[in-house]
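Structural description and commentary
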Amino acid sequence: MAAKKLLIVGNWKMHLTVSEASLLLHRLNEKIKGPLDGVEVVLCPPALAVQPLSLQIDHKKFSLGMQNVYHQDEGAFTGEISAAQVRDLVTHVIVGHSERRHIFGESDELISQKVAACLRHNLKPILCVGETLVERSDGETKRVLHDQLVTGLNLITAEDIMQVTLAYEPVWAISSGTDFADHAMPKPDEIEQAAAHMRKVVEQLHDKKTAKAVHILYGGSTHADLAKGYLRVPGISGFLVGGASLNYDQFSRIVNAAKEEANG
Ligand code: PGA
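Residues numbered from 1 in each chain as written. Predicted model: local features only at pLDDT ≥ 70, side-chain atom pairs only at ≥ 80, totals over all residues. Heavy atoms only, no water.

When its secondary structure is counted, the protein shows 11 helices and 8 strands. Projecting the C-alpha coordinates of the protein onto the three principal axes gives extents of approximately 45 × 45 × 35 Å. Each of the 264 residues in the protein was classed as buried or not, and the buried ones make up 52%. Excluding contacts between residues fewer than 6 apart, the proportion of contacts in the protein whose partners are at least 24 apart in sequence is 72%. For the protein, the accessible area works out to roughly 12,000 Å², and carbon and sulfur atoms hold 51% of it. For the protein, the separation between the mean place of its 27 positive charges and that of its 32 negative charges on side chains is 6 Å. (Helix = DSSP H or I, 4+ residues; strand = E, 2+ residues; numbered from the N terminus. Buried < 20%, exposed > 50% of the residue type's maximum accessible area, 1.4 Å probe, protein only. Contact = heavy atoms within 4.5 Å. Areas by Shrake-Rupley, 256 points an atom, 1.4 Å probe, with all protein chains shown as cover. Lys, Arg positive; Asp, Glu negative; His and termini not counted. Charge placed at Lys NZ, Arg CZ, Asp CG, Glu CD.)

Have a look at this one:
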């Protein structure tokens, strides 16, 4: 019986062609041995690869997720993909990733509508929140986390909150590519403090029980050598991995570390 349920999400961002994505899945399948007791692994390839990978994937080992969806179900929204369109292909959706917020200008209000759209279609949103370096140096971290959570979660019911996973993404600790080991990494106690504050906000919005139970992932950079330490941070139950999820050796080591941690 697993001690702790952990969630490891790989966000492949705008990397890999469909055939490269298929090859990465093939390699991950070889490297990561099931059963993954106590660990759920969600792969979020580029949208184009989701349908072909859904035919290739071993659903007992891996789940699929989207990196983003639109908040409306259908209509004249050129270039967008709705939760309704992917509901049979994926189980999870990353919502409000810092790149969506900062590069594509997504507001907290839009993000809350995306969270609601996911829940309407039985998809599990992974709601990302986190401060930039300037916000952190200005002592604004708690306020940013509070505001992003309060607005991001404002359209959902107490029942739905348990379908939502939160990800703490310190924006200053996210790589801009595949240089997963080559920039600032937060100290474990910085992650712990942020996660504790996020739970406090959930408690204010809902109750203590919900705040204790909600999953919070660490979504800044990580790599295999740091995984064990970060998984032991109180209040953290997994990762949203970017660059390192494109490297099958790194990602499988992260998943294996989670397996040991969940069952150890
Ligand atoms: P990174 O990205 O692991 O490449 O730093 C993390 C993220 O974007 O969540």
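So that's the structure; there's more coming.
Right, let's get into the packing of helix H10 (residues 224–231) against helix H11 (residues 248–263). Two quantities define a packed helix pair, namely the angle between the helix axes and the distance between the axes. Packing of H10 against H11 brings their axes to within 8 Å, and their N-to-C directions diverge by 25 degrees. If you check the angle between H10 and H11, you find them roughly parallel. When the axes of H10 and H11 are compared, the crossing they make is right-handed. The segment H10 lies against H11, with Ala224, Asp225, Ala227, Lys228 and Leu231 engaging Gln250, Arg253, Ile254, Ala257, Ala258, Glu260 and Glu261. Across the contact of H10 with H11, the residue classes break down as 6 nonpolar, 1 polar and 5 charged. (Axes fitted to C-alpha atoms, helices over the stretch in contact; angles between N-to-C directions. Parallel < 35°, antiparallel > 145°, perpendicular 65-115°, else oblique. Left-handed = near helix turned anticlockwise from the far one by under 90°. Nonpolar A, V, L, I, M, F, W, Y, C, P; charged D, E, K, R; others polar.)

Turning our eyes to something else, we now look at unusual backbone geometry. Cis geometry marks the peptide bond from glycine 34 to proline 35, where omega comes out at -5 degrees. You can see proline 35 is positioned in the loop between helix H1 (18–31) and strand S2 (39–44). The backbone phi angle of leucine 16 is positive, close to 80 degrees, even though this residue is not glycine. With respect to the element layout, leucine 16 can be found in the loop between strand S1 (6–11) and H1. Phi angles above zero are rare outside glycine, and asparagine 122 is one such case at about 60 degrees. Looking at the secondary structure, you find asparagine 122 in the loop between helix H5 (108–120) and strand S5 (124–129).

Now for the site of the ligand. Of all residues adjacent to the ligand, which total 11 residues, the nearest are Lys13, His97, Ser175, Ser221 and Gly243. In this structure, lysine 13 approaches the ligand through a side-chain N or O atom, which is 2.7 Å from an oxygen atom. Separating an oxygen atom of the ligand from a side-chain N or O atom of histidine 97 is a distance of 2.7 Å. Starting from 270 Å² of accessible surface for the ligand in isolation, the protein chains cover 100%. More than half of the atoms belonging to the ligand lie within 2 Å of the grid points that define the largest cavity. Broken down by class, the residue content of the shell around the ligand amounts to 2 nonpolar, 7 polar and 2 charged. (Near = heavy atom within 4 Å. Polar contact = N/O pair within 3.5 Å; in protein donor to acceptor, adjacent residues only side chain to side chain. 1 Å grid on protein atoms, 1.4 Å probe; cavity = no way out; pocket = protein on both sides within 12 Å on 5 of 7 lines; lining within 4 Å. Sits in = over half its atoms within 2 Å of the grid points.)

With that out of the way, let us pick up the nonpolar core. Core analysis: the biggest nonpolar cluster contains 69 residues, and Ile8, Leu43, Leu127, Leu166, Phe239 and Phe251 have the highest contact counts within it. If we skip the residues at most four places from it in the chain, leucine 166 touches Leu127, Leu149, Met198, Val202, Val214, His215, Ile216 and Leu217. Within the second largest apolar cluster, 10 residues are counted, among which are Cys44, Ile94, Leu217 and Leu240. (Core = buried A, V, L, I, M, F, W, Y, C linked by side-chain atoms within 4.5 Å.)

Looking now at the side chain of glutamate 131. Residue position: glutamate 131 is located in the loop between S5 and helix H6 (133–137). The buried category is assigned to glutamate 131, whose relative accessible area is 0%. Other than its neighbours up to four places away in sequence, glutamate 131 contacts Arg136, Thr141, Val144, Tyr168, Glu169, Pro170, Val171 and Trp172.

The analysis is restricted to geometry; functional conclusions fall outside its scope.
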